[in-house]
Amino acid sequence: MFFHIVLERNMQLHPRHFGRNLRDNIVAKLMKDVEGTCSGRHGFVVAITGIENIGKGLIRDGTGFVSFPVKYQCVVFRPFKGEILEAVVTMVNKMGFFAEAGPVQIFVSNHLIPDDMEFQSGDMPNYTTSDGSVKIQKDSEVRLKIIGTRVDATEIFCIGTIKDDFLGVINDPAAA
Amino acid sequence: MSGEEEENAAELKIGDEFLKAKCLMNCEVALILEHKYEQLQQMSEDPMNQVSQVFEKSLQYVKRFSRYKNPDAVRQVREILSRYQLAEFELCVLGNLCPETVEEAIAMVPSIKTKGRAHDDEAIEKMLNDLSLIKKFE
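In this text, all values refer to a predicted model and were calculated from it rather than measured experimentally.

(A) Just the packing of aromatic side chains, in detail. Evaluation of the coordinates by the stated rule reveals twelve aromatic pairs over all chains. Consider the rings of Phe2(A) and Phe77(A), whose centres lie 4.7 Å apart with planes at 65°: the pair is edge-to-face. Residue Phe2(A) is located in strand E1 (residues 2–13), and its partner Phe77(A) is located in strand E5 (residues 66–77); the two are separated by 75 residues in the primary sequence. An aromatic cluster of at least three residues, connected via ring pairs, comprises Phe2(A), Phe77(A), Tyr61(B) and Phe65(B).

The structure is reproduced here in structure tokens:
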């Protein structure tokens with residue numbers, strides 16, 4: 001799910017950036033430093049949308065750098081366990097398939113794909129029901145439920161399932 | 001990390017910080033990101049080089065999965081859903097997935113049926129009807 005939240009960060013700035021453009025410089029550096037990063041707590045920072053306030057700078061002992069506490073609003077993407085969302089399939093193999101929902105990767109193991117769907121290899125590997133009416137392949141759109149998340153320093157990785165009511169393929173590129 | 005263990009969106013356990021935060025539906029994110037992208041386009045020749053991969057992927061994703069395209073419809077969806085005493089998170093899941101039946105809505109957002117909340121099937125059905133009307137007249 002996407003959220004609009006307020007975060008705070010201490011920005012360290014070299015004195016050469018001071019002057020009338022100080023504020024612009026702080027904001028530019030903040031965008032460069034923060035946009036595109038990911039933390040386990042807040043998820044992926046997609047875009048900064050506004051600055052709430054920039055506090056008084058504090059000179060660091062010994063270096064001359066000044067740190068400014070900056071409060072900013074941003075759009076973040078944070079997946080939750082139990083959340084249901086739509087995703088695009090990016091890769092299919094006999095272990096299951098990978099899907100992407102925005103910046104996050106989700107793996108759906110073949111144990112969590114309905115039992116009536118069989119893996120078919122070939123140049124377009126896919127999972128298909130026995131009557132061939134439903135097919136999951138690259139670029140299919142699926143609705144899935146996140147059942148687990150793993151967080152490391154710079155990435156969030158999810159495990160999903162489509163073995164539940166109202167989950168599964170919502171749009172098949174081959175059928176369209 | 002005990003907080004991490006208990007996280008479960010189906011029961012609306014998403015941490016205080018996110019529960020109080022403003023949730024965004026995909027269509028709203030699309031409006032925000034497209035606006036930002038246009039601003040970047042005016043400032044430089046090659047805006048795709050300026051943005052992070054996270055931004056690019058999110059923009060593609062929300063464009064693909066936006067149920068409502070025009071800004072007025074997006075505003076209406078939020079307005080209508082906010083009449084039903086939903087949590088922000090529930091509101092956005094419904095707005096994103098647009099369930100068609102009451103059963104589907106409850107499967108998508110199990111927390112609307114938990115004890116002590118005033119959502120009977122009729123109220124949910126009315127809400128889904130209102131939503132599909134917006135889609136029809138968009």
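(B) Molecular detail of the interface of chain A and chain B. Counting residues at the interface gives 42 residues for chain A, matched by 38 residues for chain B. A buried area of about 3400 Å², summed over both sides, lies between chain A and chain B, and 63% of it is on carbon and sulfur atoms. Considering only the side of chain A, the residues that lose the most area to chain B are Met1(A), Phe2(A) and Glu86(A), jointly responsible for 19% of the buried surface there. Where chain A packs against chain B, one counts seven salt bridges. In this structure, Arg143(A) and Glu104(B) form a salt bridge, with 2.8 Å as the shortest nitrogen-oxygen distance. At the surface where chain A touches chain B, the tally comes to 16 residue pairs in polar contact (both at pLDDT 80 or more). For the side of chain A that touches chain B, the secondary structure elements donating two or more residues are E1, strand E3 (43–54), E5, strand E6 (84–93), strand E7 (96–101) and strand E12 (141–151) of chain A. With six residues, the top contributor of residues to the side of chain A that touches chain B is E3(A).

(C) Structural detail: empty space enclosed by the protein. For the coordinates displayed, the defined rule picks out two cavities of 30 Å³ or more. Roughly 100 Å³ of volume is contained in the largest cavity. Those elements that place two or more of their residues in the lining of the largest cavity are E6 of chain A together with helix H7 (88–97) of chain B. Partitioning the lining of the largest cavity into residue classes produces eight nonpolar, two polar and two charged. Roughly 60 Å³ of volume is contained in the second largest cavity. Contributing to the lining of the second largest cavity are 13 residues, with Ala9(B), Phe89(B), Val93(B), Met108(B) and Val109(B) lying nearest its centre.

Procedures and definitions
Residues numbered from 1 in each chain as written. Chains lettered and ligands numbered in written order. Predicted model: local features only at pLDDT ≥ 70, side-chain atom pairs only at ≥ 80, totals over all residues. Heavy atoms only, no water. Phe/Tyr/Trp six-rings, centres within 6.5 Å; stacked < 30°, edge-to-face > 60°. Helix = DSSP H or I, 4+ residues; strand = E, 2+ residues; numbered from the N terminus. Contact = heavy atoms within 4.5 Å. Buried area = accessible area lost by both parts, 1.4 Å probe. Salt bridge = Lys/Arg side-chain N within 4 Å of Asp/Glu carboxyl O. Polar contact = N/O pair within 3.5 Å; in protein donor to acceptor, adjacent residues only side chain to side chain. 1 Å grid on protein atoms, 1.4 Å probe; cavity = no way out; pocket = protein on both sides within 12 Å on 5 of 7 lines; lining within 4 Å. Points joined across faces, edges and corners; volume = space filled by probe spheres on them. Nonpolar A, V, L, I, M, F, W, Y, C, P; charged D, E, K, R; others polar.

Everything listed here is a matter of geometry and, on its own, says nothing about what the molecule does.
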